[in-house]
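Here's the letter readout for the chains.
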Amino acid sequence: MKSTKTISLTNKIFKALLLGIATGLLLYPIRENPFVKTYLIGFIFHFLGNGFVRAIRMVVVPLVLCSLVVGAAGIEDITKLGRVGIKTLVFYLGTTAAAVTLALIGGNIINPGLGVRVSDIAAGSVFLLEIQ
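Below is a summary of the structure that appears in this document.

Conventions used here
- Residues numbered from 1 in each chain as written.
- Predicted model: local features only at pLDDT ≥ 70, side-chain atom pairs only at ≥ 80, totals over all residues.
- Heavy atoms only, no water.
- Helix = DSSP H or I, 4+ residues; strand = E, 2+ residues; numbered from the N terminus.
- Buried < 20%, exposed > 50% of the residue type's maximum accessible area, 1.4 Å probe, protein only.
- Areas by Shrake-Rupley, 256 points an atom, 1.4 Å probe, with all protein chains shown as cover.
- Patch = residues over 30% accessible without salt bridge, like charges linked within 9 Å, V, L, I, M, F, W, Y side chains within 5 Å.
- Salt bridge = Lys/Arg side-chain N within 4 Å of Asp/Glu carboxyl O.

## As for the overall build of the chain
For the chain, the helix and strand inventory stands at four helices and zero strands. Mapped from its N terminus to its C terminus, the chain presents α and β elements in the order α-α-α-α. By residue count, 3% of the 132 residues in the chain fall in the buried class. In the form shown here, the chain has an accessible surface area of approximately 12100 Å², with 72% of it arising from carbon and sulfur atoms.

In structure tokens, the structure reads:
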């Protein structure tokens, strides 16, 4: 009998991560080579990579909507549906408020864009002011 050994998803992801690191380490020294720059980086990594990320983004909203609809349809008791809906809404608003709060605190600590003149950006030359 043949024994089929399956590889777990975690191991597949870890192997892909190591393969990506190895590819980056191998291609970085020759990144200015016309073939590498045009075909590998410019086409395969950039074009196909952006297409993959856009395809994933395209799937997220319908997937979330379908999971919510199937979850709501699976609850038989209407009173439970109301409680679950309220808990979900409170959780969503709470996590959104926490994310906005952390973003505002981080933005006030880091001060992104401090010293950048908008008129220079429009003209094409960015001049950074010295931070005092």
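## Some details on unusual backbone geometry
A positive phi angle, close to 55°, is found at asparagine 111, a residue other than glycine. Inspection of the secondary structure puts asparagine 111 in the loop between α3 (78-110) and α4 (118-123). Residue class for asparagine 111 comes out partly exposed when judged on its relative accessible area of 38%.

## With respect to a nonpolar patch on the surface
A grouping of Phe52, Val53, Ile56, Val60, Val61, Val64 and Leu68 is seen on the molecular surface, where their side chains present a nonpolar patch of about 650 Å² in accessible area. Summarising the element assignment, phenylalanine 52 is placed in helix α2 (residues 34-74). A relative accessible area of 56% means that phenylalanine 52 is categorised as exposed.

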